[in-house]
Amino acid sequence: AAKAAGRNGYVFYNEALEAKQQLIAEGIHMAEQALADNRFVLWYQPLVALHGHVLGVEALLRLDTGRAEGLLNPGHFFSALDHPLLARKIGRFVLNTAVHQGMLWLNQGFSLRVGINISARHLLDSEFMQDIHAILARYPDFPRELIELEVTESAPMLDFPSAISTLQAINALGIHIALDDFGTGNASLTYLQRLPAQTIKIDQSFVRDILVDNKDLAIVAGVTSTAQALGLEIVAEGVESLGHARKLADLGVNVLQGFAIAEPMPAEKISNWVKNYKPIFCAD
Ligand code: C2E
Ligand code: MG
Ligand code: MG
Ligand code: MG
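Residues numbered from 1 in each chain as written. Chains lettered and ligands numbered in written order. Predicted model: local features only at pLDDT ≥ 70, side-chain atom pairs only at ≥ 80, totals over all residues. Heavy atoms only, no water.

### Overview of the coordination of the magnesium ion (ligand 4)
Geometry sets the ideal angles at a metal, namely 109.5 degrees for four tetrahedral donors and 90 or 180 degrees for six octahedral donors.
Working step 1: With distances of 2.1 to 2.7 Å, the protein atoms coordinating the magnesium ion (ligand 4) are Asp181 (OD) and Glu237 (OE).
Working step 2: Separation of the magnesium ion (ligand 4) from the magnesium ion (ligand 2) amounts to 5.8 Å. Placement of aspartate 181 in strand S6 (residues 176-182) and of glutamate 237 in the loop between strand S8 (233-236) and helix H11 (242-251) is noted, with a sequence separation of 56 residues between them.
Working step 3: The exposure class assigned to aspartate 181 is partly exposed, which follows from its relative accessible area of 25%. (Donors = N, O, S within 2.8 Å, 3.2 Å for Na, K, Ca; no water. Helix = DSSP H or I, 4+ residues; strand = E, 2+ residues; numbered from the N terminus. Buried < 20%, exposed > 50% of the residue type's maximum accessible area, 1.4 Å probe, protein only.)

Next up, the structure:
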């Protein structure tokens, strides 16, 4: 019996590993096809400031299957964002599309900051700075402070010195940096101390239960007061109800993002959404 269990254990392990490898391969394959067929698109989710106005949007990548499944979230192809060549190609697409869209909005009279998620692979890519300079050269009239690159803790973890120098160079160009999914890594405070950043985006896993879990509430309160002391903007992600928004306002969070404000939407819906936006409430 022991032998059989051992054998089964071995089989399960292998199956789990194979399933994982298959998911990785599938993600890469899907992304290659989508790049070839121009089936990547960006959706945008509004971020609102507490005193009422729409601060900007975050660009969120979607893969259009062209079939009944419709659009897929990055969760379906995360492996592609970690693949050196694909991360570069997808990253370029995202940068170009998002800044182009920001410029279109600006020309329509909407000054929106555009948050752009940067994969660790792309940030550390030898051509990343070239890609940044290329985008600034292509859109010289787009205010640089309206570009905010969102970086997670995974990038510095791979290569801290080069992540710091790249982020400093980007910051020196006037582009903003946000520390995304803040608190989920294992070196958040080190990053806060050493990386140039204007914004902290506290991860939704801390925000979700603030109304029912005092520990989470204490964590969000602590991160918020740390951000305030450092003069950083603090964004709460995953704001799913008005109750969350009120609580976050009480804590001094500056900017809210989440389904209670708006879900991600196609670019063409943003200008109407901004025009019709009535502050969910105004903190004074
Ligand atoms: P993220 O940067 O933390 O983005 C926020 C995620 O939370 C998005 O998921 C968004 O749809 C979701 N979200 C927003 N509001 C709420 C809410 O109230 N409740 C809940 N439960 N979720 C909410 P999405 O679009 O599936 O993206 C997942 C992650 O994929 C992103 O997390 C980001 O790390 C990555 N990602 C997205 N777009 C890009 C991209 O263009 N490039 C790269 N490299 N990564 C991207
Ligand atoms: Mg983000
Ligand atoms: Mg985030
Ligand atoms: Mg997140």
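The structure having been displayed, the exposition proceeds.
### Let's talk about the coordination of the magnesium ion (ligand 2)
Working step 1: Within the protein, the atoms that donate to the magnesium ion (ligand 2) are Glu58 (OE), Asn117 (OD1), Glu150 (OE) and Asp180 (OD), at distances of 2.0 to 2.2 Å.
Working step 2: Donor residues binding the magnesium ion (ligand 2) come from one chain and are separated in sequence as E-x58-N-x32-E-x29-D.
Working step 3: The distance between the magnesium ion (ligand 2) and the magnesium ion (ligand 3) comes to 3.4 Å, and aspartate 180 binds to both of them. One end of the pair, glutamate 58, is in strand S2 (residues 54-64); the other, asparagine 117, is in strand S4 (residues 113-118), and 59 residues separate them in sequence.
Working step 4: Classification of glutamate 58 by relative accessible area gives buried; the value is 5%.
Working step 5: The class of asparagine 117 is partly exposed, set by a relative accessible area of 29%.

### Considerations on the packing of helix H5 (residues 128-138) against helix H7 (residues 160-172)
Working step 1: At a minimum axis separation of 11 Å, H5 and H7 run at an interaxial angle of 10°. As far as their axial angle goes, H7 and H5 are roughly parallel. Contacts between H5 and H7 pair Phe128, Met129 and Ile132 from the former with Thr166, Ala169 and Ile170 from the latter.
Working step 2: Looking at the contact of H5 with H7 residue by residue, the classes come out as five nonpolar, one polar and no charged. (Axes fitted to C-alpha atoms, helices over the stretch in contact; angles between N-to-C directions. Parallel < 35°, antiparallel > 145°, perpendicular 65-115°, else oblique. Contact = heavy atoms within 4.5 Å. Nonpolar A, V, L, I, M, F, W, Y, C, P; charged D, E, K, R; others polar.)

### Structural notes on the confidence of the model for the protein chain
Working step 1: Per-residue pLDDT for the protein chain averages 92, and the proportion of residues at 70 or more is 94%.
Working step 2: Counting interchain partners and residues more than four positions distant, the pLDDT-below-50 stretch residues 1-5 has zero contacts. (pLDDT = per-residue confidence, 0-100.)

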